[in-house]
Amino acid sequence: MIVSKTKRLRGEVSIPGDKSVSHRSVMFGAIARGTTEIHHYLQGADCLSTISCFRKMGIEIDNRGETVLVRGKGLRGLTQPDGVLDCGNSGTTMRLISGILAGQPFGAVLTGDDSIRKRPMNRIMEPLGLMGAHIRSTENNGYAPLEILGGHLHGISYTSRVASAQVKSAILLAGLYAEGETRVTEPYLSRNHSEIMLNHFGADIRTEGTCAILRPGGELQGRKILVPGDISSAAYFICAGLMVPDSEILIRNVGINPTREGILRVSRAMGAHITLLDEQSGSGEPTADILVRSSSLHGTVIEGAIIPTLIDELPMIAAMACLAEGKTVIRDAAELKVKESNRLEVMVRCLKAMGADVTETDDGMIIEGGKPLSGAVIDSRLDHRIAMTFAVLGLCAEGETRILGSECVNISYPGFYEDLKRLQ
Ligand code: S3P
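Please read all numbers here as calculations on a predicted model, not as lab measurements.

Scoring rules and cut-offs
Residue positions within a chain follow its written sequence, with the count starting from 1. This being a predicted model, a pLDDT of at least 70 is required before a residue's local features are given, and a value of 80 or more before pairs of side-chain atoms are given or counted; all residues contribute to the totals for chains, interfaces and linings. For the side-chain quantities, the full set of heavy atoms in the structure was used; hydrogens and water were omitted. Strands are runs of DSSP state E lasting at least 2 residues, helices are runs of H or I lasting at least 4, and numbering of each runs from the N terminus. Only protein chains enter the area calculation, which uses a 1.4 Å probe; residues under 20% of their type maximum are buried, those over 50% are exposed, and those in between are partly exposed. Put simply, a residue is near a molecule or strand once any heavy atom of it comes within 4 Å of that molecule or strand. Polar contacts here mean pairs of N or O atoms no more than 3.5 Å apart (in protein, one a potential hydrogen donor and the other a potential acceptor; neighbouring residues in sequence count only if both atoms are side-chain atoms). Expected span, for any helix, means 1.5 Å times one less than how many residues it has. Strand pairing is defined by DSSP finding a minimum of two bridges between the two strands. When the strands point away from the viewer and the connection leading from the first strand across the helix to the second strand turns clockwise, the crossover is called right-handed. To pair, rings of Phe, Tyr and Trp, with the six-membered ring standing in for Trp, must have centres within 6.5 Å; the planes then decide the type, stacked if under 30 degrees apart, edge-to-face if over 60, and tilted in the middle.

Caption draft 1: Main features of the overall build of the protein. Helices and strands together make up the secondary structure of the protein, namely twelve helices and 24 strands. Its C-alpha atoms give the protein principal-axis dimensions of roughly 60 × 40 × 40 Å. Across the 424 residues of the protein, 60% fall into the buried class.

And the structure:
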């Protein structure tokens, strides 16, 4: 993909379904009783991996595109898969399914692509083991493939070192199969889609501050789910509209759950013109249309509790900070090192290649904004968020930006380049 400088961006864009909510709707639907009807399911490769894993465990899933029907068989209705479960590039698929498998009376093996086989799985192996599951990294290196033999589980009270919704959700899902209450406390509140949706499906779940508490009980009941547009996908258009001069973009139907909308707070702190229109609250997940206009931006500090609420948007925010006046400091973001790529290292290297003044730190980066940028060859490392970030930054740089492996956007946003082109 080749991107060049653009004069303006104008128009409307409708954002595909939220990746986190889409995964959960199929997973919870599969272990609920009755049919779950999902609208605006994300048809990205990650969410298709989740569908294929549950089909392999005997769940009938009718994927009609916009709508997906899951014929749930209840908490104990899954069957042993014939062969390994392939999670592709998807960390959410692997970690959340591990939580479900921990409670099954059969064994299974989970694997995925080169990227996911280098992502830390100890963070779920440890708590699921404490609950009574037998879970093993087959190469003994803390990475997938994972072999899981479900056991007789008991609830635990677990304090996680990282604020991770994948870890929290894996433990809560195992908690559905455990004897006694399960509690997960995290250093900061991570996205709470599991808590909202489990509650919607009838589970006994509540939160106290950064602690989620689940009491196992009866069966979950299939529900209708309206998946909001993904704010992590909207982020590229939010920042593009703010960064490119003479722009105005209306971004339709975006999820603005408070545990996800840190990008709006940080952008406003940087001087952004952002207006929320038509605010609604679907199945517990608030949504809005977001109107952005080109803005004169300045640097800021991003740290602490806000980090989990914008963790996937940090590559785009860092790129935007290169065009803002003054210094931006990002701290407490070491988790970026263990995403689909080492996003700290990759971002710093690629931003420097375009002429930005960026320094990597232990847990973030320091950006001196306002330097002129020029196009470069960007190796996305097949990380969808890196590819989309540089497709946007390339619109603000002199000359051409060439993105290698650009098709990886299909992980979370098939049609991204077409949507971006339509605004030019
Ligand atoms: C996700 C949680 C986050 C996020 C990922 C999706 C989820 O990961 O980066 O894209 O759906 O629970 P962590 O839980 O590892 O922070």
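That shown, we press on.
Caption draft 2: Looking closely at the site of the ligand. Taken together, Lys-19, Ser-20, Arg-24, Thr-92, Arg-95, Ser-164, Ala-165, Gln-166, Arg-191, Ile-311, Asp-312 and Lys-339 make up all the residues around the ligand. Gln-166 is positioned such that a nitrogen or oxygen atom in its backbone is 2.9 Å from an oxygen atom of the ligand. Those elements that provide at least two residues to the shell around the ligand are α1 (19-30), α3 (91-101) and α5 (165-175). At three residues, α1 tops the list of elements feeding residues into the shell around the ligand.

Caption draft 3: The arrangement of α1 in detail. With twelve residues, α1 should cover 16 Å at 1.5 Å per step; its first-to-last C-alpha distance of 17 Å lies within 8% of that length. Of all the twelve residues making up α1, twelve are buried; the element is thus mostly covered by neighbouring parts of the structure. Of the residues making up α1, those classed as buried are Lys-19, Ser-20, Val-21, Ser-22, His-23, Arg-24, Ser-25, Val-26, Met-27, Phe-28, Gly-29 and Ala-30. Taking the backbone nitrogen of Ser-20 as reference, a side-chain oxygen 2.9 Å away marks Asp-18 as the first, capping residue of α1.

Caption draft 4: Seen up close, the pairing of strand β11 (residues 182-185). Across the two faces of β11 the burial differs, with Thr-182 and Val-184 buried and Arg-183 and Thr-185 not buried at all. Where strand β10 (residues 157-159) and β11 come together, three bridges link them in parallel fashion. Counted as the bridge partner of Ser-157 is Arg-183 from β11. Running through α5, the crossover from β10 to the neighbouring parallel element β11 is right-handed. By the bridge criterion, four bridges tie β11 to strand β13 (residues 211-215) in an arrangement that is antiparallel.

Caption draft 5: Structural view of the packing of aromatic side chains. The full count for this structure, using the stated rule, is six aromatic pairs. Ring centres of Phe-28 and Phe-201 lie 6.2 Å apart, and the angle between their planes is 85 degrees; on these two criteria the pair is classed as edge-to-face. With Phe-28 in helix α1 and Phe-201 in the loop between α6 (193-200) and β12 (204-208), this pair connects stretches of sequence that are 173 residues apart. Classification of Phe-28 as buried rests on a relative accessible area of 0%. Look at Phe-201 and you get buried, because its relative accessible area is 0%. Residues Tyr-236 and Phe-416 carry aromatic rings whose centres are separated by 5.7 Å and whose planes lie at 75 degrees to one another, so their mutual orientation is edge-to-face. Here Phe-416 lies in helix α12 (residues 416-422) and Tyr-236 lies in helix α7 (residues 231-243), a separation of 180 residues in the sequence. Both residues of the pair, Tyr-236 and Phe-416, belong to the buried class. One aromatic cluster in this structure is built from Tyr-236, Phe-237, Tyr-413, Phe-416 and Tyr-417.

Caption draft 6: Geometry of the side chain of Ser-247. Locating Ser-247 in the fold gives a position in the loop between α7 and β16 (248-255). The class for Ser-247 is buried, based on a relative accessible area of 4%. Polar side-chain contacts of Ser-247 include one of 3.0 Å to the backbone nitrogen of Leu-9.

Caption draft 7: Looking closely at the pairing of β13. Extensive coverage of β13 is indicated by the burial of four of its five residues. Bridge count for β12 against β13 is five bridges, and the pairing is antiparallel. By the bridge assignment for β13, Ile-205 is matched with Leu-214.

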